[in-house]
Every structure is written in structure tokens, then in C-alpha cells.
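# Working through the structure, step by step
Listed below, chain by chain, are the residues.
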Amino acid sequence: MPGREQEGTVQKVRNIADLARLAGVSPGTVSRALAGKALVNAETRARIQALATEHSFRPNQMARRLRTQRTGVIGVVVPLGHERRQHLSDPFFMSLLGHLADSLTENGYDLMLSRIIPDADDWLERIVGSGMLDGVLLIGQSDQWETIERVAAEYRPMVVWGSQMPGQIHCAVGVDNRMGGRLAGEKLIARGSRRLAFLGEVRTLELDQRYKGLCDAAAAAGLDVPLQLDTHLASDLMTAEITAHIDAQGDRIDGIVAASDVIAVRAVRVLIDRGIAVPDRMPITGFDDLPLSGQMVPRLTSVKQDLVTGARAMVDALFARIAGQDAPSVEMTPVLMERDTA
């Protein structure tokens, strides 16, 4: 009869209605079964899913997203208001991004990555209001703390990697940066350093807190305020700046706390090239404890940020907020990983 498949041919499954006819159930049951809903008994769910696999059927994702009012996409945004020449290839960004991507994709979400140079006051409003995203993860606060606070007051599904301040509105996940800076300073002081320096800029909240932690350690030991030697995070500037600082300071410093592992690695290279023994003449610490810390020679003493735990906490908090639940900030405890450079 017209409209029937020829005997021995495979019926083509083009949509949920076709699959429902083949399974002998309603389209709604098929939709719920493919979504893994417990409302459909296990036997029927397994049969429908097997038929879908047999006929290479994939639900129309656009239609599903229209029904659920969800895009299935999370924005991962790196704001670089403080350092326009910093690259996404920075090992810290790549490490945290990798962990975030793993967690998001395991939960069935895609991600859209943006490196943002804030060019207007409403740059973040434009992102969250684009209609393309179910939520936003920010890697770093940069120098945009006020902007993030303003948006967070109206837009809840947003979580930020960064520091926390008293009364902060936005949900942040990160390490206690001030404590981390203090741990690094105390380590150098314990081994005899008395003229401390901080290699890094302080235009970002996280790095400013690390410098203040170093100052706390110096004050507790009765030492002078550590020098703050401005060092950019942009790879094309970093080495020249570190070289100039070390050449200019000479014997006026005897211990360095670097704002990041990347800065510390470059500094070790410059010191060794100048015949300055690390750690005998110049102990140095990094911050982040990236994989390269334990792989370089000499191995780098560094303040550990647990990026695996932190990324998971960011994604968990974001999904809770997407679901309309509350999710407070998370501040992790830093750990000093003692190795060869200090």
C-alpha cells in the first residue's frame, strides 16, 4: 500500500515522530526516553535508545533548545583590561581552561571562548545579554572588579576565578592570594632573606593581594617593605623587564617572590645567565604550581592553586546558579610546594 515501507527495507527515522511510530509509543515518551528521564520505565527507555542507535537518530538540538529555553553553551571569558598583550597561550590560562572544558563537556555543554580587551563600560553586559549563553565563567577579575560587581547584581549565572573582598556580590572561586603571598615571604625569610622583592604588577586584585601578603610577612619579621618591581604578564615584555630589574637592583635584594610561575621561570633563567646562583645567592618562589614548576631545572618552589578542584567548584557553582539556587564563593587554602629554588 502507498505510504508503507517496502518489506525488507529499513524505515528511515527522520524525527521523533518517526521513531515513536517505530517504537509504538508517543513522541513525548520518545523525547523523555532519549533524555534519560526516569518517568519512562527502564525497559521501554532501553528499547527506544537501542532503536535510536540502530537508525543513527540524533534529536534536533535546535528544537530541543527552543523547548527548554537553553542554548547548551557556556561562555568562558578571559578579560585582559590590565594586560592587553597577554596571550591565551599563557600556561595558567591553558591549564585552567582545560579543566573547565573537561567539566563542562562531561556535563553535556559546549563552551564559547572569548579573550576580551574591555573597550567599553558595557562589555560584560553585552556578553551576558547576547542570548547565546546559559551562563558565563570568567577567568580572572583583571582590573574589572567594579564591572563584574555591577553585572553580578543583575545576572546570577556567572562565576569568576579570582579573589574575594568584603561585601563582594559576585561569586568567586580561587585561592587565598594574600595568604599565599605571605607563605612565600615567610619561606624566604626563614632561609635568611632580608631584602625582599616582588616581581609582578599590582593592577589586578589577585596579584595585588599576593604582594600585600608578602608585605605582611616582611612586617611580621620587622623587615622593610618589599620592593614591588613592575613586571608585565605579556611574554614579549617579561624577560626584558626582569633583566632590567635584576641588573638595576644588584645586591639590594636577596630574595624574590614572583607573582606567577611564568615570571619565576623567566627570572631563574635570567639569574643563572648572569652567574647568580639559585637558590644560594637568590632564592625565588613562584605562584600557581603549574606542571612546569616540577619539570624545570632547578625545580621551582611555588604556591599551589588547586586548579582541578577550583575548576570543578566553578562549574558546580555555575550549574547551581543556572538552576536558580544559591552558590556562595569558595576560597581555597594555598599550599607552599617546596622544591629547589627556595
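Here the structure is a predicted model, which means the values were calculated and not measured. (Residues numbered from 1 in each chain as written. Predicted model: local features only at pLDDT ≥ 70, side-chain atom pairs only at ≥ 80, totals over all residues. Heavy atoms only, no water.)

### Details of the overall build of the protein chain
Our working definition: Secondary structure elements are defined from DSSP: runs of H or I of at least 4 residues count as helices, runs of E of at least 2 residues count as strands, and each element is numbered from the N terminus. Atoms counted for the radius of gyration: C-alpha only. Globule rule: 2.2 Å times residue count to the power 0.38. Using a 1.4 Å probe on the protein chains alone, a residue whose accessible area is under 20% of its type maximum counts as buried, one over 50% counts as exposed, and one in between counts as partly exposed. Residues are treated as being in contact if the distance between any of their heavy atoms lies within 4.5 Å. Residues scored as positive are Lys and Arg, those scored as negative are Asp and Glu, and His as well as the terminal groups of each chain are ignored. Where a charge sits is defined by one atom per residue type, namely NZ (Lys), CZ (Arg), CG (Asp) or CD (Glu).
Across its full length, the protein chain carries 12 helices and 12 strands. What you see for the protein chain is a C-alpha radius of gyration of 26 Å, clearly larger than the 20 Å of a compact globule of 342 residues, by over 25%. For the C-alpha atoms alone, the extent of the protein chain along its principal axes is close to 95 × 40 × 35 Å. When each of the 342 residues of the protein chain is scored for burial, the buried share is 51%. Long-range pairs, those at least 24 residues apart, make up 70% of the contacts in the protein chain with a sequence separation of at least 6. The average position of the 38 basic charges and that of the 43 acidic charges among the side chains of the protein chain differ by 6 Å.

### Here's the deal with the packing of helix H5 (residues 91-106) against helix H12 (residues 307-322)
Spelled out, the test is: The axes used here are C-alpha line fits, helices contributing only the stretch in contact, and every angle between their N-to-C directions lies in the interval 0 to 180 degrees. Here is the rule for angles: anything less than 35 degrees is roughly parallel, anything more than 145 is roughly antiparallel, 65 through 115 is roughly perpendicular, and the remaining ranges are oblique. In this scheme the handedness of a crossing depends on how the near helix is turned from the far one: anticlockwise by less than a right angle means left-handed, clockwise means right-handed. The nonpolar class holds Ala, Val, Leu, Ile, Met, Phe, Trp, Tyr, Cys and Pro. Asp, Glu, Lys and Arg form the charged class, and all remaining residues, Gly among them, are polar.
H12 packs onto H5 with a crossing angle of 50 degrees between their chain directions and a minimal axis gap of 9 Å. By the angle between their axes, H5 is oblique relative to H12. The way H5 lies across H12 gives a crossing that is right-handed. Judged by residue contacts, Phe 92, Ser 95, Leu 96, His 99, Leu 100, Ser 103 and Leu 104 of H5 engage Leu 307, Val 308, Ala 311, Met 314, Val 315 and Phe 319 from H12. Looking at the contact of H5 with H12, its residues break down into 10 nonpolar, three polar and no charged.

### Quick look at the sheet that holds strand S12 (residues 335-337)
In a beta sheet, neighbouring strands are held together by backbone hydrogen bonds and run either parallel or antiparallel to one another. So the rule is basically this: Two strands are said to pair when DSSP picks up at least two bridges between them.
Taken together, the six strands give an open sheet; going across it, the order is S7-S6-S8-S9-S10-S12, and neighbouring strands pair in mixed fashion. Whereas interior strands pair on both sides, the edge strands pair on one side only; in this sheet they are strand S7 (227-229) and S12. The sheet shows a mean angle of 25 degrees between the axes of neighbouring strands, direction not considered. Bridge analysis of strand S10 (residues 301-304) against S12 gives three bridges, and the strand direction is antiparallel. Bridging across to S12, Ser 302 finds its partner in Met 337.

### A few points about the confidence of the model for the protein chain
The condition that has to hold: The predictor reports its confidence for every residue as pLDDT, a score running from 0 up to 100.
In this model, the protein chain carries a mean pLDDT of 89, and residues with pLDDT of at least 70 account for 92%. Contacts of residues 1-8 to residues separated by more than four positions or lying in other chains number three contacts, the stretch itself having pLDDT below 50.

### Notes on the packing of helix H1 (residues 16-23) against helix H2 (residues 27-34)
In the contact formed by H1 and H2, the axes pass within 8 Å of each other and the chain directions differ by 100 degrees. Overall, the two elements H1 and H2 adopt an arrangement that is roughly perpendicular. Residues Ile 16, Ala 17, Leu 19 and Ala 20 of H1 touch H2, and the partners they reach there are Pro 27, Val 30, Ser 31 and Leu 34. Residues belonging to the contact of H1 with H2 are distributed by class as follows: seven nonpolar, one polar and no charged.

### Quick notes on the packing of aromatic side chains
Here is the rule we go by: Any two rings among Phe, Tyr and Trp, with Trp reduced to its six-membered ring, count as a pair given centres within 6.5 Å; such a pair is stacked if its planes are under 30 degrees apart, edge-to-face if over 60, and tilted if neither.
In the structure shown here, the tally under the stated rule is four aromatic pairs. Seen in terms of ring centroids, Phe 92 and Phe 93 are 6.1 Å apart; in terms of plane orientation they differ by 55 degrees. Their pairing is tilted. When its relative accessible area of 12% is taken as the criterion, Phe 92 is described as buried. A ring pair is formed by Phe 198 and Tyr 211, whose centres lie 5.4 Å apart and whose planes are at 50 degrees; its orientation type is tilted. In this pair, Phe 198 is assigned in strand S6 (residues 196-199) and Tyr 211 in helix H9 (residues 205-220), connecting sequence segments 13 residues apart.

### Structural notes on the side chain of Gln 305
Test applied: N or O atoms closer than or at 3.5 Å make up a polar contact, with two conditions inside protein: a donor-capable atom paired with an acceptor-capable one, and, for residues adjacent in sequence, both atoms drawn from side chains.
If you trace the backbone, Gln 305 turns up in the loop between S10 and H12. Of the residues examined, Gln 305 reaches a relative accessible area of 2% and is grouped as buried. A polar atom in the side chain of Gln 305 sits 2.6 Å from the side chain of Asp 288. Not counting residues within four places of it along the chain, the set of residues in contact with Gln 305 comprises Phe 92, Trp 161, Val 175, Asn 177, Arg 210, Phe 287 and Asp 288.

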